[in-house]
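Analysis of the macromolecular model
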Amino acid sequence: VQLAESGGGSAQAGGSLRLSCVASASMFEFNSMGWYRQSPGGQRELVATIDSSGKTNYADSVKGRFTVSRDNAKSTVTLQMDSLKREDTAVYYCNLRSLGLLEYDYWGQGTQVTVSA
């Protein structure tokens, strides 16, 4: 399964960006799709995830600013990022992993998000 990300780029602080990720195959196992990010010199960290039932999980740093959603029929996950801050600058990675008996954990190649003052 391949994950294709799109929508990264540059924005000013206070602005918005929207990231999208589409999986090359439909996964019928109960799973989680979401986004992680890694800034230079930092570790990869959770941004937001959403499972097959629609339950979401957000990092405290993005709560109230970012919204994750998914379309199970289209195997896509989207991250709407509003009120961007400079500290949101990072490479954002799409993730798809199983929450069921069949184990899998897929990653996209990453898309750069740069927020300027």
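Parameters and conventions
Within each chain, residues carry numbers counting from 1 in the order of the written sequence. In keeping with the predicted nature of the model, local features appear solely for residues at pLDDT of at least 70, side-chain atom pairs appear and are counted solely at 80 or more, and the whole-chain, interface and lining totals rest on all residues. As a rule here, side-chain values come from all non-hydrogen atoms in the structure, and water together with hydrogens is ignored. Each helix is a run of H or I in the DSSP string that is no shorter than four residues. Each strand is a run of E no shorter than two, and both are numbered from the N terminus. Our radius of gyration is a C-alpha quantity, and the globule rule it is checked against amounts to 2.2 Å times the number of residues to the power 0.38. Buried residues are those whose accessible area, probed at 1.4 Å on protein chains only, stays under 20% of the maximum for their type, while exposed residues exceed 50% and partly exposed ones sit between those limits. Strand pairing is defined by DSSP finding a minimum of two bridges between the two strands. Lines fitted to C-alpha atoms define the axes, with helix axes restricted to the stretch in contact, and inter-axis angles between N-to-C directions lie between 0 and 180 degrees. Contacts are assigned to residue pairs with any non-hydrogen atoms lying within 4.5 Å of each other. Pairs of N or O atoms are called polar contacts if they sit within 3.5 Å, as long as, within protein, a hydrogen donor faces a hydrogen acceptor (for residues adjacent in sequence, only side-chain-to-side-chain pairs).

When helices and strands are tallied, the chain shows zero helices and 11 strands. The order of α-helices and β-strands along the chain, N terminus first, is β-β-β-β-β-β-β-β-β-β-β. Rg of the C-alpha trace for the chain: 14 Å, near the compact-globule value of 13 Å for 117 residues, within the 12% margin. Each of the three principal axes of the chain carries a C-alpha extent, and together these read 45 × 25 × 25 Å. Burial analysis of the chain (117 residues in total) assigns 38% to the buried set.

To continue, consider the sheet that holds strand β3 (residues 17–23). Strand order across the open sheet formed by four strands is β1-β3-β8-β7, with antiparallel pairing between neighbours. Of all the strands in the sheet, just β1 (3–6) and β7 (66–71) have a single pairing partner and so form its edges. Direction aside, the axes of adjacent strands within the sheet are offset by 15° on average. Here β7 pairs with strand β8 (residues 76–81) via six bridges, running antiparallel. Bridge assignment links aspartate 71 to a residue of β8, and that residue is threonine 76.

A regular strand places its side chains on the two faces of the sheet in alternate fashion. The buried fraction of strand β9 (residues 90–98) amounts to seven of the nine residues, a majority that puts the element mostly inside the structure. Examined bridge by bridge, strand β4 (residues 31–38) and β9 share eight bridges and lie antiparallel to one another. Considered in β9, the bridge of methionine 33 is made with leucine 96. When β9 meets strand β11 (residues 111–116), the two strands line up antiparallel, connected through three bridges. Bridge pairing in β11 links valine 91 to glutamine 112.

Note that serine 69 resides in strand β7. Look past the residues within four positions of serine 69 in its chain and what remains in contact with it is Ile50, Thr76, Val77 and Thr78.

Take the environment of asparagine 72 next. Mapped onto the elements, asparagine 72 comes out in the loop between β7 and β8. Taking C-alpha positions, asparagine 72 is 12 Å from cysteine 21, a pair spaced 51 residues apart along the chain. Of the polar contacts made by the side chain of asparagine 72, one reaches the side chain of arginine 70; its length is 2.6 Å.

Here we come to the side chain of glutamate 5. Checked against the element boundaries, glutamate 5 lands in strand β1. A polar contact of 2.7 Å, which involves the side chain of glutamate 5, links it to the backbone nitrogen of cysteine 94. At 3.2 Å, the side chain of glutamate 5 and the backbone nitrogen of glutamine 109 are in polar contact.

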